[in-house]
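An overview of the molecular structure
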Amino acid sequence: MKSLSLGGICSDFSCASCCKDTQMILSLKDIEHIKNVGFKEEEFCFKDEDGYHKLKNVDDVCFFLKNNKCTIYDHRPRGCKFYPIVFDIDRNKPALDEDCPLIDKISDKIVKSFEKDLLKFVRVIKKEKTSNI
Ligand code: SF4
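Presented here is an overview of the structure given in this document. Please read these numbers as outputs of a predicted model, since none were measured by experiment.

Notes on the overall build of the protein chain
- A tally of regular secondary structure across the protein chain gives 5 helices and 8 strands.
- For the protein chain, buried positions account for 35% of its 133 residues.
- Considering only residue pairs separated by 6 or more positions, the protein chain has 62% of its internal contacts joining residues 24 or more positions apart.
- Element-wise, carbon and sulfur atoms account for 50% of the exposed surface of the protein chain, whose accessible area totals about 8,500 Å².

Some details on unusual backbone geometry
- The residue after Y83, namely P84, is reached through a cis peptide bond having omega 10 degrees.
- Within the secondary structure layout, P84 lies in the loop between α4 (78–82) and β7 (85–88).

Considering the pattern of salt bridges
- Summed over all chains, the structure comprises 5 salt bridges.
- Among the ionic pairs, E32 bridges to K35, the shortest N-O distance being 3.2 Å. One end of the pair, E32, and the other, K35, are both in helix α2 (residues 28–37), 3 residues apart, so they sit about a helical turn from each other.
- According to the relative accessible area criterion, E32 is partly exposed, its value standing at 40%.

Focus: the pairing of β7
- In this sheet, strand β8 (residues 93–96) lies alongside β7 in antiparallel orientation, the contact comprising 4 bridges. When the sheet's bridge partners are listed, D88 is paired in β8 with K93.
- Where β7 hands over to β8, the hairpin turn is made up of 4 residues, of which N92 adopts a positive phi near 55 degrees.

Section: α2
- Looking at α2, one finds that the buried residues are D30, I31 and I34. Around the axis of α2, the buried residues are gathered within 100 degrees of arc, so they sit on the same side. Summarising the geometry of α2, the exposed residues directed more than 90 degrees from the buried face are K29 and N36.
- G38 sits one or two residues past α2 and shows a positive phi near 125 degrees.

Things to note about the nonpolar core
- If you look at the biggest cluster of nonpolar residues, it comprises 13 residues, and the most contacted ones within it are L26, F44, L55 and F64.
- Residue contacts for F64: discarding those within four places in its chain leaves I34, F39, F44, L55, K69, C70, T71 and I72.
- Counting residues in hydrophobic clusters, the runner-up holds 9 residues, among them I85, V111, F114 and F121.

So, how was this worked out
- Residues numbered from 1 in each chain as written.
- Predicted model: local features only at pLDDT ≥ 70, side-chain atom pairs only at ≥ 80, totals over all residues.
- Heavy atoms only, no water.
- Helix = DSSP H or I, 4+ residues; strand = E, 2+ residues; numbered from the N terminus.
- Buried < 20%, exposed > 50% of the residue type's maximum accessible area, 1.4 Å probe, protein only.
- Contact = heavy atoms within 4.5 Å.
- Areas by Shrake-Rupley, 256 points an atom, 1.4 Å probe, with all protein chains shown as cover.
- Salt bridge = Lys/Arg side-chain N within 4 Å of Asp/Glu carboxyl O.
- Pairing = 2+ DSSP bridges.
- Arc of directions from axis to C-beta.
- Core = buried A, V, L, I, M, F, W, Y, C linked by side-chain atoms within 4.5 Å.

Written out as structure tokens, the structure is:
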């Protein structure tokens, strides 16, 4: 899967806004992948009231954020790879998250190029939620 390589830009700006008070949804594949790196599911993941698996926050930042850096960057969840492209529920389509301070660096063309992969990911998440309830 391709990822939106903003890593360079994010670190240039020392920005980890998206990793603070994260609400990032995890697929079962994300969870397995992170477990294979050596973490226990209960350390980094919880299920919210709607039945979605999400990253845990510790002291208001993602469990994996240390010194403003992602400690599992190469293994980060798919949602983190898409960010700041997110699925806008109200508009039912991919969009840039307005909370990201760097969205002016990302063109509509780039957003469009991720649309197919992101919609596929959203379908997986919805299916997993349904089958988990
Ligand atoms: S997994 Fe990494 S990139 Fe994703 S929110 Fe946590 S620290 Fe940020």
